[in-house]
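If you want the building blocks of each chain, they are given just below.
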Amino acid sequence: MGLKKVLLGGAFMAMAVSLTPVVMSVNAQSAPAEAVEAEVEKTPAPEWLEKKIKKLPEEKKEFLLSDKSLRFVGGTKEKLYQRLEKKTGKEIEAMVDAMQYVIEEGKFDPETDLAAIPMNTEATNYNGWKVMKPKELNPKREPGPFTVSRYANSRGGIATFAGAPIAMYPEDLIAGNVDVAIVGAPLDMGSYYRGQKFGPMAMRNSYATNARIDMNTMVNPTKELNIVDYGDIAIDNMSTELSVLHVRDRVREIAETGAIPFIIGGDHSLEYPDIAALADVHGKASFGVVHFDSHFDAGKDSPHFLSHGQPVYRAVKEGHVLGENYIQVGLRGGWPGPEGFEWMRNNGVRYHTMPEVEKKGWDAVMKQALAEAREDGKKLFISFDVDVLDPAFIPGTGTPVPGGLTMREAIPIVRGLCAENDMVGFELVELAPEQDPTYRSALNANFIMHACLTGIAMRKKGITDGSYLSELTTEHMQPEAGIKAKEEGLNEEIDPNYGQMRK
């Protein structure tokens, strides 16, 4: 506490003006903190600086010349020297004291800080938010999916994912021989920007992709697959930690029936419980992950073990998926820095950034990512953060970054991945519809989901070439096709009275 008392005295006040921009540079970071205090790295100081700090205590001098001080001055030795050039020895010492004060005060203090958030375990409804309704309280019915539309053509009624029937319990999934169960997870407490909890609702209510054929392949996933809407998972939006435990249980419940879980978020904290649940069923390190995102989401050294910027690190750290089985696609913007890329390299993670796309072209990058995903024959999970798309296509997200994928680029690679690989799951996260006054964010999110459904349907039909395109929609075959049809009497007969009112 001695350092604290010193800084709260005259020395702290004397250097407050010079410290102000330094503190601002620390607090202005928008990305989740990932940097851990660097090991002391001694670097020879310029001669002019050595003279100024000659009387500085050795411990303070060592700190100043190490990488630990750089976080306060913009990250480079050059900026540090620029900041110190016009300061006196006493001013430099005051600045060092301030830096060390910030570091010390940021640490956990058992006398004043909570090591865990206390809960009222005496509350009579402690687990009420996630208690499953007993079947005895529902009207009796046979197990299996059921529709919630009053019309035969599925219009009207209650909106569902992909216009699919509803399933409520694992028995429904088993009885319906369900291939894909789409479930909402309206969690946004793991994000710094709220609103992702409205993602599932927006996707259900947007322009439906149900009963729609994929023109590229002429495959209709709703005809090839048994798809259901498995409702929303209960969320305690006052606690990410409590919520993700329950998400893990529900996703595991789906996977145990043999159905493929499609999780619609919600923020990207969900990637951790989703991967962990699938590892519970399929085995740890038994599948790979393709992570579409503008951010690498492997942050660490945060007060919370989980946020929307940390799921990758935690999933790898706990061994649910190996780093070498992780593929990142679409990274760009200001995070991560060199430390993040070094972490990915050290852990075998393959990454494909937008700078790489700029260098090699999208076709080459997509081809490589598709090849990497299937090279070890492992099953695959796709985590699709909608902010991987350019904000022109998805303005409704909390952390948009310009220069992202287009829909024309995203749809083929998602469809290809889901056709070429044995899928264990798919998630779509970070859709924040209230950030978008139009409907296009939810619309495009639905078409990304539809692309994966199409790929899975292709695979079920025996089409495992992710680049497959239907000849019917890519070749008009004229004039031969028209001539042949005319000879066979298959072309349209002209009727001048067509469309006229007749008595």
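Below: a short report on this structure. (Residues numbered from 1 in each chain as written. Predicted model: local features only at pLDDT ≥ 70, side-chain atom pairs only at ≥ 80, totals over all residues. Heavy atoms only, no water.)

## Looking at empty space enclosed by the protein
This structure, assessed with the given rule, holds one cavity of 30 Å³ or more. Considering only enclosed or pocket space, the largest cavity measures out at about 60 Å³ in volume. Only β4 (287-292), α16 (362-374) and β7 (379-385) provide two or more residues apiece to the lining of the largest cavity. Residue composition of the lining of the largest cavity, grouped by class: five nonpolar, two polar and five charged. (1 Å grid on protein atoms, 1.4 Å probe; cavity = no way out; pocket = protein on both sides within 12 Å on 5 of 7 lines; lining within 4 Å. Points joined across faces, edges and corners; volume = space filled by probe spheres on them. Helix = DSSP H or I, 4+ residues; strand = E, 2+ residues; numbered from the N terminus. Nonpolar A, V, L, I, M, F, W, Y, C, P; charged D, E, K, R; others polar.)

## Some remarks on the sheet that holds β4
The parallel open sheet is built from eight strands, whose spatial order is β2-β1-β3-β8-β7-β4-β5-β6. One side of each edge strand has no neighbouring strand; the edge strands of this open sheet are β2 (227-232) and β6 (350-353). Here the average twist between neighbouring strands, direction ignored, is 15°. Where β4 and β7 come together, six bridges link them in parallel fashion. Residue pairing across strands places Gly-288 opposite Leu-380, the latter belonging to β7. In the packing of helix α11 (residues 240-256) onto the sheet, contacts are made with β1 (180-185), β2 and β3 (260-265), and the angle to β3 comes to roughly 150°. Of the strands in this sheet, β5 (326-331) and β6 are in contact with helix α14 (residues 338-346), which crosses β6 at around 140°. (Pairing = 2+ DSSP bridges. Axes fitted to C-alpha atoms, helices over the stretch in contact; angles between N-to-C directions. Contact = heavy atoms within 4.5 Å.)

## Remarks on the packing of α16 against helix α17 (residues 407-420)
Interhelical geometry of α16 versus α17 gives an angle of 20° and a closest axis separation of 10 Å. Considered as vectors, α16 and α17 are oriented roughly parallel to each other. Between α16 and α17 the crossing geometry is right-handed. Where α16 approaches α17, its residues Trp-362, Met-366, Ala-369, Leu-370, Ala-373 and Arg-374 are matched on the opposing element by Glu-409, Pro-412, Ile-413, Gly-416, Leu-417 and Glu-420. Looking at the contact of α16 with α17 residue by residue, the classes come out as eight nonpolar, one polar and three charged. (Parallel < 35°, antiparallel > 145°, perpendicular 65-115°, else oblique. Left-handed = near helix turned anticlockwise from the far one by under 90°.)

## Topic: the packing of α17 against helix α18 (residues 440-460)
Between α17 and α18, the least distance of the axes is 7 Å, while the angle of their chain directions is 30°. Classed by the angle they form, the pair α17 and α18 counts as roughly parallel. In this structure, the crossing between α17 and α18 has a hand that is right-handed. For the pair formed by α17 and α18, the contact residues are Met-407, Ala-410, Ile-411, Val-414, Arg-415, Cys-418, Ala-419 and Glu-420 on the first element and Asn-444, Phe-447, Ile-448, Ala-451, Cys-452, Thr-454, Gly-455, Ile-456, Met-458 and Arg-459 on the second. Looking at the contact of α17 with α18, its residues break down into twelve nonpolar, three polar and three charged.

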